[in-house]
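# Commentary on secondary and tertiary structure
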Amino acid sequence: MRPDIVPGAALPGYELSDHTGKRRKLSDLQSIYPMVLVLSRGSFCPKDRRQHEGLLQLHREMEVGYCRMVTISTDTIAETHEFRSGVGAHWPFLADPRRTIQKDLGIAEYTDAAHNPMIPHVIVLEPKLTIYKVYNGYWFFGRPTVEELRQDLRAVCKKSFPDWDISEQELRTAWQEGNKDRFFPYGKSLVEILGNGEP
């Protein structure tokens, strides 16, 4: 992977078509939330299908925990739609058949000339597309387990959500004084943030 794609750096704000053909920006899909970005080999790969089946339960937890997930593959829009439907996923899948991300990040899987996919990676992102952790999944067991992602999201949420520990006296005082900008939804309406970026 490109040497500047490291924890603390910002991931480029790619824009691609989703599984319905709608153009989507990663920053809009993320909104103010932590996000798990899955860079997938594609629908042809049994390892990727199994990985996504495992992510289904985690995604249900992520929805109630105010976190986002996005999958990107080098599949066409039709293949992307079928991949998403086939594994029963409910998060956005983005299609990159032109291999924009593969080329930009330098992650062409040169050992598979037939499919020319990306080397699979999982990137855990703090808000503002800030990289928290990068997993290289060329080998299946290099990919993070659901529990590893759960622990990463706990750490990112703790770091990102100012009201993580509402038992702190400073937060209690702020709430009592009517200063609610440090409490979810952080000075925005629920309509603004809950409706932003959903599939």
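The structure displayed is predicted, hence computed values, not measured ones. (Residues numbered from 1 in each chain as written. Predicted model: local features only at pLDDT ≥ 70, side-chain atom pairs only at ≥ 80, totals over all residues. Heavy atoms only, no water.)

## Quick look at the overall build of the protein
When helices and strands are counted, the protein shows 7 helices and 7 strands. Along its sequence from the N terminus, the protein presents helices and strands in the succession β-β-α-β-α-β-α-β-α-β-β-α-α-α. With respect to the three principal axes, the spread of C-alpha positions in the protein is 65 × 30 × 30 Å. Here the contacts in the protein between residues at least 6 apart in sequence split such that 61% fall between residues at least 24 apart. When the accessible surface of the protein is split by element, carbon and sulfur atoms take 53% of a total near 10,200 Å². In the protein, 26 side chains carry a positive charge and 27 a negative one; their mean positions are 1 Å apart. (Helix = DSSP H or I, 4+ residues; strand = E, 2+ residues; numbered from the N terminus. Contact = heavy atoms within 4.5 Å. Areas by Shrake-Rupley, 256 points an atom, 1.4 Å probe, with all protein chains shown as cover. Lys, Arg positive; Asp, Glu negative; His and termini not counted. Charge placed at Lys NZ, Arg CZ, Asp CG, Glu CD.)

## Focus on the side chain of Thr 80
By the secondary structure assignment, Thr 80 is in helix H3 (residues 77-87). In contact with Thr 80, other than residues within four places in its own chain, are His 19, Ser 73, Asp 75, Phe 93, Leu 94 and Ala 95.

## Comments concerning the packing of aromatic side chains
Think of a pair of aromatic rings as described by two things: how far the centres are apart, and how the planes are tilted against each other in angle. Taken as a whole and assessed by the stated rule, the structure comprises 9 aromatic pairs. Ring geometry for Trp 175 against Phe 183: centres 4.9 Å apart, planes inclined by 70°, an arrangement best described as edge-to-face. By relative accessible area, Trp 175 is classed as partly exposed at 45%. The rings of Tyr 33, Tyr 66, Phe 161, Phe 184 and Tyr 186 are connected pair by pair, giving a single aromatic cluster. We note Lys 180 situated over the ring of Trp 175; from NZ or CZ to the ring centre the distance is 4.3 Å. (Phe/Tyr/Trp six-rings, centres within 6.5 Å; stacked < 30°, edge-to-face > 60°. Buried < 20%, exposed > 50% of the residue type's maximum accessible area, 1.4 Å probe, protein only. Lys NZ or Arg CZ within 6 Å of the ring centre and 35° of its normal.)

## Some points on the pairing of strand E6 (residues 121-126)
Of all 6 residues that make up E6, 6 are buried, and the element is covered over most of its length. Across 6 bridges, E6 lies against strand E7 (residues 130-136) in antiparallel orientation. Residue Glu 126 lies in a different strand from E7, and its bridge partner there is Thr 130. Taken together, E6 and the strand that follows it, E7, pair antiparallel across an intervening segment of 3 residues, in which Lys 128 is found at a positive phi of about 65°. (Pairing = 2+ DSSP bridges.)

## What to know about the sheet that holds strand E5 (residues 93-95)
Spatially, E2-E1-E5-E4-E3-E6-E7 is the arrangement adopted by the 7 strands of the open sheet, whose pairing is mixed. Both edges of this open sheet fall to strand E2 (23-25) and E7, since each of them pairs with a single strand only. Averaged over all pairs of adjacent strands, the angle between their axes in this sheet comes to 35°, without regard to strand direction. Where strand E3 (residues 35-39) meets strand E4 (residues 68-73), 5 bridges bridge the pair, whose relative direction is parallel. (Axes fitted to C-alpha atoms, helices over the stretch in contact; angles between N-to-C directions.)

## What about the nonpolar core?
One finds Leu 11, Leu 26, Leu 37, Leu 39 and Ile 72 to be the most contacted residues of the largest nonpolar core, which totals 22 residues. Looking at this core, the elements with two or more residues in it are helix H1 (26-30), E3, E4, helix H4 (100-105) and E6. Setting aside residues up to four positions removed in sequence, Leu 26 forms contacts with Leu 11, Pro 12, Tyr 14, Met 35, Leu 37, Val 70, Ile 72, Leu 94 and Leu 129. Core analysis: the second largest hydrophobic core is formed by 21 residues, Leu 55, Met 69, Ala 89 and Tyr 186 among them. (Core = buried A, V, L, I, M, F, W, Y, C linked by side-chain atoms within 4.5 Å.)

## Some details on the packing of helix H2 (residues 46-64) against helix H5 (residues 146-160)
What describes two packed helices is the angle between their axes and the distance between those same axes. The geometry of H2 relative to H5 is characterised by a closest axis approach of 10 Å and an angle of 25° between their N-to-C directions. The orientation of H2 relative to H5 falls into the category roughly parallel. Crossing of H2 over H5 shows right-handed handedness. When H2 is examined against H5, the residues Gly 54, Leu 55, Leu 58, Glu 61 and Met 62 are found in contact with a partner set consisting of Val 146, Leu 149, Arg 150 and Leu 153. In terms of residue class, the contact of H2 with H5 is made up of 6 nonpolar, 1 polar and 2 charged. (Parallel < 35°, antiparallel > 145°, perpendicular 65-115°, else oblique. Left-handed = near helix turned anticlockwise from the far one by under 90°. Nonpolar A, V, L, I, M, F, W, Y, C, P; charged D, E, K, R; others polar.)

## Considerations on the environment of Gly 54
Tracing the backbone shows Gly 54 in helix H2. Judged by relative accessible area, which is 24%, Gly 54 ranks as partly exposed. It is 8.4 Å that separates the C-alpha atoms of Gly 54 and Thr 145, two residues lying 91 residues apart in sequence.

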